[in-house]
Amino acid sequence: MSCFDGNPNFCPECGSVLPLPGIHDTVLCPRCSFCIPVAEFAGQEIRSTVVFNPVEQSAVTLDDVEDSDLKGPVIDRRCSRCNKEGMVYHTRQMRSADEGQTVFFTCIHCRYQEKEDS
């Protein structure tokens, strides 16, 4: 038995998430191989919830802009000209195929364009 006591969802030795009890008589930690008898889970109800961020918080919408250079995914990148967050990006293969793509960023506020070679 472990010297730590904690949440039954986690291994008391290393803190890893434990798999759900299955057909075996024990639950084995996938990281440290700590073994817990399934009987210790008797009568316990384990629940989990997933909370998603509202759409208006997760991305900047560009509904009113129809400009072709402002279409694409918006990322949290600070513009070097106006110092505001939010840039649209797209990639292009500008050099030979064995080299990385070039990423073009456009500020959604001042439309300043930057490029980054990867």
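See the structure above.
Residues numbered from 1 in each chain as written. Predicted model: local features only at pLDDT ≥ 70, side-chain atom pairs only at ≥ 80, totals over all residues. Heavy atoms only, no water.

## A closer look at the sheet that holds strand 4 (residues 85–92)
Strand order in the open sheet made by the 4 strands is 3-4-5-6, with antiparallel pairing throughout. Strands with a single pairing partner mark the edges of an open sheet, and in this sheet they are strand 3 (74–78) and strand 6 (113–117). The mean inter-strand angle of the sheet, taken between neighbouring strand axes irrespective of direction, is 40°. Looking at chain direction, strand 4 and strand 5 (residues 102–107) are connected through 6 bridges and run antiparallel. In the sheet register, Tyr89 faces strand 5, and the bridge partner there is Phe105. (Pairing = 2+ DSSP bridges. Helix = DSSP H or I, 4+ residues; strand = E, 2+ residues; numbered from the N terminus. Axes fitted to C-alpha atoms, helices over the stretch in contact; angles between N-to-C directions.)

## Considerations on the packing of aromatic side chains
Evaluation of the coordinates by the stated rule reveals 1 aromatic pair. Look at Tyr89 and Phe105: their rings are 6.4 Å apart centre to centre, the planes differ by 45°, and that puts the pair in the tilted class. Remark: Phe105 occurs in strand 5 and Tyr89 occurs in strand 4; sequence separation between them is 16 residues. Using a relative accessible area of 5% as the deciding quantity, one classes Phe105 as buried. (Phe/Tyr/Trp six-rings, centres within 6.5 Å; stacked < 30°, edge-to-face > 60°. Buried < 20%, exposed > 50% of the residue type's maximum accessible area, 1.4 Å probe, protein only.)

## Focus: unusual backbone geometry
The residue Asn83 is not glycine, and still its phi comes out positive at about 65°. Of note, Asn83 is situated in the loop between strand 3 and strand 4. Despite not being glycine, Arg111 shows a phi value in the positive range, around 65°. Its location among the elements puts Arg111 in the loop between strand 5 and strand 6.

Geometric values such as these leave the question of function open.
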